[in-house]
Amino acid sequence: MKKGQKTATLPVYHGKQVNVKVANTSAEGLWLKKGTKANNVTVKVNVKKSLLNKKGNALAAPLSNHETVGTMRFTVDGQNLETVNGTKCAVNAQTTAAVKKANIFEIAWRWVTNLF
């Protein structure tokens, strides 16, 4: 798997954008069962708690480009991939774009539109 090949989308709290993509920071060699294709590999992102909002359900804005936000773990058919020594296969997850903090008017507009 190449650097930046696997991505995931995470929600952003009070950001100009409501989501940000994260990608793997390094190339990783994975051994897969015969017949398993690389696009069958899915990722789960474990986010650093220090970067979450108070409710713990989204990243808190602002975020810089290429900021490490946690780790990515890889699974195939719901099973974690492991390295040869038995540890779970994980790489750092970085943002692919910067997200600025939304101003008060954007935040208020989102709140009003979510009422309806």
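Going by the structure above, here's the rest.
Quick caveat: nothing in here was measured; it's all calculated off a predicted structure.

A. Representation of unusual backbone geometry within the structure. The omega angle of the peptide bond from Ala 61 to Pro 62 is 5°, so this bond is cis rather than trans. The topology assignment puts Pro 62 in the loop between strand E4 (59-60) and strand E5 (68-76). Even without being glycine, His 14 reaches a positive phi, approximately 60°. Along the chain, His 14 turns up in the loop between strand E1 (7-13) and strand E2 (19-24). Under the relative-accessibility criterion, His 14 is labelled partly exposed at 25%. If you check the backbone angles, His 66 has positive phi at about 65° while not being a glycine. Within the secondary structure, His 66 sits in the loop between E4 and E5.

B. Layout of helix H1 (residues 104-115). Taking 1.5 Å per residue, twelve residues should reach 16 Å; H1 reaches 17 Å between its end C-alpha atoms and fits that length. In terms of burial, H1 is largely open, as just zero of its twelve residues are buried. Between the side-chain oxygen of the N-cap and the backbone nitrogen of Phe 105 there are 3.0 Å, and the N-cap of H1 in question is Asn 103.

C. Molecular detail of a nonpolar patch on the surface. Taken together, Trp 109, Trp 111, Val 112, Leu 115 and Phe 116 make up a surface patch of nonpolar side chains, about 700 Å² in accessible area. Secondary-structure assignment places Phe 116 in the segment after H1.

D. Quick look at the environment of Leu 10. Within the secondary structure, Leu 10 sits in strand E1. On the accessibility criterion, Leu 10 (12% relative accessible area) is buried. With ten residues separating them along the chain, Leu 10 and Val 20 place their C-alpha atoms 5.5 Å apart. Beyond its immediate stretch of four places on either side in the chain, Leu 10 contacts Val 18, Asn 19, Val 20, Val 22, Val 45, Val 47, Leu 59 and Val 69.

Criteria and thresholds
Residues numbered from 1 in each chain as written. Predicted model: local features only at pLDDT ≥ 70, side-chain atom pairs only at ≥ 80, totals over all residues. Heavy atoms only, no water. Helix = DSSP H or I, 4+ residues; strand = E, 2+ residues; numbered from the N terminus. Buried < 20%, exposed > 50% of the residue type's maximum accessible area, 1.4 Å probe, protein only. Expected span 1.5 Å × (residues − 1). Polar contact = N/O pair within 3.5 Å; in protein donor to acceptor, adjacent residues only side chain to side chain. Patch = residues over 30% accessible without salt bridge, like charges linked within 9 Å, V, L, I, M, F, W, Y side chains within 5 Å. Areas by Shrake-Rupley, 256 points an atom, 1.4 Å probe, with all protein chains shown as cover. Salt bridge = Lys/Arg side-chain N within 4 Å of Asp/Glu carboxyl O. Contact = heavy atoms within 4.5 Å.

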